[in-house]
Amino acid sequence: MSYFPEVNKVKYEGPDSDNPLAFRWYNPEEVVAGKTMKDHLRFTVVYWHTFRGNGTDPFGGGTMLRPWDDGSESVENACNRARVAFELIEKLDAPFYAFHDRDVAPEGSNLRETHANFDAVAQVLKEQQQRTGVQLLWGTANMFSNPRFMHGAATTCNVEVFAYAAAQVKKALEVTKELGGANYVFWGGREGYQCLYNTDMKRELDHLAQFFHMAIDYAKQIGFTGQFLIEPKPKEPTKHQYDSDAAACLNFLRAYDLLDSFKLNIETNHATLAGHEMMHELEYAGMQGALGSIDANTGDLLLGWDTDQFATNYYLTTQIMLVLLKYGLSPGGVNFDAKVRRESFEPIDLFYAHIGSMDAFARGLKVAAKIIEDGALSKIVSQRYSSWDSELGQKIESGNTSFAELEALMLAKGDAAPNGSGRQELLENIFNRYLDRV
Ligand code: XLS
Ligand code: NI
Ligand code: NI
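Residues numbered from 1 in each chain as written. Chains lettered and ligands numbered in written order. Predicted model: local features only at pLDDT ≥ 70, side-chain atom pairs only at ≥ 80, totals over all residues. Heavy atoms only, no water.

Participant: Any chance you could explain the site of ligand 1 here in plain terms?
Facilitator: Lining the immediate surroundings of ligand 1 are Trp48, His100, Trp138, Trp187, Glu231, Lys233, Glu267, His270, Asp295, Asp306 and Asp337. Here an oxygen atom of ligand 1 and a side-chain polar atom of Glu231 are 2.7 Å apart. Within the side chain of Asp306, one N or O atom sits 2.9 Å away from an oxygen atom of ligand 1. Relative to its free-state accessible area of 290 Å², ligand 1 is covered by the protein chains to the extent of 94%. Across the shell around ligand 1, the residue classes tally to three nonpolar, two polar and six charged. (Near = heavy atom within 4 Å. Polar contact = N/O pair within 3.5 Å; in protein donor to acceptor, adjacent residues only side chain to side chain. Areas by Shrake-Rupley, 256 points an atom, 1.4 Å probe, with all protein chains shown as cover. Nonpolar A, V, L, I, M, F, W, Y, C, P; charged D, E, K, R; others polar.)

Here it is as structure tokens:
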């Protein structure tokens, strides 16, 4: 039975199409910069917002109309929901999906029952993956919703909660492996603190590192070869989250000898909350070889929380694609960690939302590829740093000089050479020119 009978598989119709259920830019097989759009973008539908989000906000309850969902926490409802999910993902022509353990299967009355529920739904997910060819981009464990995690999961003060979290990740890794997941994500929703008066930060971070080392060991033991990812976020729900931004994550990973086993999953709205542009976070991770995947959404600059909106702004998607083209993304993907507004409560809105953002990223990809191909920005950047290509610059970059030698040089010259213009406005105009023409 179909839950979206009014929607056929969404097809590419080109930029002139007015069909709201067609792609105008996303043309999966079209080759851009040597690869198909499908392979560049690796679009992923998230289970949590798309199938579990009910529109609740701090001021009111759910608004979403989801006729297939009986609202119960039964395994049967969960299995049925999984079938509906795959109808949507398939019709959107998205090659991947991602989930938390608790999105797909309900918690039981004890851990054993919870594991069994997860196994039962995983069976259906597997069938549906086989039926449709849709693959799992990543799995993760929800260790933030249940009240047991009020003090954290791996960074909790309660050792048995740590053990429970370990059991949960162990199981989530097994299921992610069973479903062929390409990555496994850790987002530390409750790994942080509200107040240092009651917190032993050093001890908590040591525990977090131990937790990750055990996850690596277990992945090896069961032969899970997917990429581990940490998803930085500075605040919300805790005031100080340990994984606050890309730099904080990389410092933690380096300090605890975890750098070889992890990359980062960078989310736009989290970058905003950290006071960074998405491009900054991507470039920071990328330049250190740690750019793993992205959670593609956007915040609202007038609202100070994680609004998780679908990104439709071409400047944003082009900026993101400029960095992704530079460093590559696979085995990560463009994961729509985004939700429709609570006023957009009809099932069809799920299609409009995904189609719009897929198109925005596809166009961003084309514009970015052209900018790179023409060297439109990079030529000016190389020019800007050209003084470093001189004998003096090379001497400094290769570590073959000293303060004393540099002082002697400047004493002889009296002053540094004059500066050139940064040309920011010109570059912004060039960026616009590419947006106009693609
Ligand atoms: C929350 C996070 C979450 C992760 C997965 O802000 O974005 O959705 O992506 O746990
Ligand atoms: Ni996310
Ligand atoms: Ni988020």
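Participant: Teacher, can you tell me more about a nonpolar patch on the surface here?
Facilitator: A cluster of nonpolar side chains, namely Val381, Tyr385, Trp388, Leu392, Ile396, Leu409 and Met410, defines an oily patch on the protein surface of about 570 Å² accessible area. In this fold, Tyr385 is placed in the loop between α13 (378–384) and α14 (391–397). (Patch = residues over 30% accessible without salt bridge, like charges linked within 9 Å, V, L, I, M, F, W, Y side chains within 5 Å. Salt bridge = Lys/Arg side-chain N within 4 Å of Asp/Glu carboxyl O. Helix = DSSP H or I, 4+ residues; strand = E, 2+ residues; numbered from the N terminus.)

Participant: Looking at this structure, I do not really get the coordination of the nickel ion (ligand 2). What am I missing?
Facilitator: Between any two of four tetrahedral donors, the ideal angle at the metal is 109.5 degrees; between two of six octahedral donors, it is 90 or 180 degrees. Every protein donor of the nickel ion (ligand 2) is accounted for by Glu231 (OE), Glu267 (OE), Asp295 (OD) and Asp337 (OD), and the metal-donor separations fall at 2.0 to 2.1 Å. For the nickel ion (ligand 2), the six donor atoms in the first shell make angles of 81 to 177° at the metal, a pattern classed as octahedral. Read from N- to C-terminus, the donor residues coordinating the nickel ion (ligand 2) fall into the pattern E-x35-E-x27-D-x41-D. In this model, the nickel ion (ligand 2) sits 3.8 Å from the nickel ion (ligand 3), the two metals being bridged by Glu267. You can see Glu231 sitting in the loop between β8 (227–230) and β9 (240–241) and its partner Glu267 sitting in strand β10 (residues 262–267), a full 36 residues away along the chain. Residue classification places Glu267 among the buried residues on the basis of a relative accessible area of 1%. (Donors = N, O, S within 2.8 Å, 3.2 Å for Na, K, Ca; no water. Tetrahedral: all angles 85-135°; square planar, octahedral: opposite > 155°, others 65-115°. Buried < 20%, exposed > 50% of the residue type's maximum accessible area, 1.4 Å probe, protein only.)

Participant: Please explain the coordination of the nickel ion (ligand 3) as it appears in this structure.
Facilitator: Each protein donor to the nickel ion (ligand 3) is listed here as Glu267 (OE), His270 (NE2) and Asp306 (OD); together their distances run 2.1 to 2.4 Å. Each donor residue of the nickel ion (ligand 3) lies on one chain, and together they are spaced E-x2-H-x35-D. Looking at Asp306, the relative accessible area reads 10%, which means it is buried.

Participant: Explanation requested: unusual backbone geometry in the structure shown.
Facilitator: Residue Pro237 is reached from Glu236 by a cis peptide bond, and omega for that bond is 10°. Mapping Pro237 onto the fold places it in the loop between β8 and β9. Pro331 follows Ser330 through a cis peptide bond whose omega is 10°. Relative to the helices and strands, Pro331 is located in the loop between α11 (314–327) and β12 (334–336). One non-glycine residue, Asp93, adopts positive backbone phi at about 60°. Relative to the assigned elements, Asp93 resides in the loop between α3 (75–91) and β4 (96–100).

The quantities given are spatial measurements derived from coordinates; they are silent on function.
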